[in-house]
Every structure is written in structure tokens, then in C-alpha cells.
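# Examining the three-dimensional arrangement
Each chain is listed here by its residues.
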Amino acid sequence: MDTYSWLRELADSWVLLAMTAFYIGAIIWAFRPGSRETDAQIAGIPLRNDIAADLDAAPMKEDA
């Protein structure tokens, strides 16, 4: 058996099985119980600085 045929057989069987197991593991990890709070914090990362910038840009009241 030459190298190409051996690698092709390996990719068609064991590597496909390993990639499927990794995919299912990633799905289970993403939807595991208790990850909702962490996911909510991560989802808010892009907006953290925008809220602070809006407060800094608010017009100041001048005392007359």
C-alpha cells in the first residue's frame, strides 16, 4: 500500500470520526448548563467602551 492510499483511508475513517467527535464536543460545550452568565458577559464586550464614551460625551450643564 502506497502512502497516498494509506493517508486516504486514514482520512476517510479515523480523521472523520475525530472531527465529528470534536464538533459534537464543541456543541455540548457551548450549550452546557451554567454557561449562560459567561456567554452574556462575553457578548457585552464590544459595547463596554461605547457606554462609557456616551457618558463622557454628554453635554455638561453650565452654571449661569
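Attention here is on the structure that accompanies the text.

## Some words on the overall build of the protein chain
Each helix and strand in the protein chain was counted, giving three helices and zero strands. Each helix and strand of the protein chain, ordered N terminal to C terminal, gives the series α-α-α. The 64 residues of the protein chain split such that 2% are buried. Surface exposure of the protein chain reaches about 6400 Å², of which carbon and sulfur atoms provide 66%.

## Description of the side chain of serine 35
Tracing the backbone shows serine 35 in the loop between α1 (3-30) and α2 (36-43). Exposure remark for serine 35: the relative accessible area of 3% places this residue in the buried category. There is a polar contact of 3.0 Å between the side chain of serine 35 and the backbone oxygen of arginine 32.

Definitions and cut-offs
- Residues numbered from 1 in each chain as written.
- Predicted model: local features only at pLDDT ≥ 70, side-chain atom pairs only at ≥ 80, totals over all residues.
- Heavy atoms only, no water.
- Helix = DSSP H or I, 4+ residues; strand = E, 2+ residues; numbered from the N terminus.
- Buried < 20%, exposed > 50% of the residue type's maximum accessible area, 1.4 Å probe, protein only.
- Areas by Shrake-Rupley, 256 points an atom, 1.4 Å probe, with all protein chains shown as cover.
- Polar contact = N/O pair within 3.5 Å; in protein donor to acceptor, adjacent residues only side chain to side chain.

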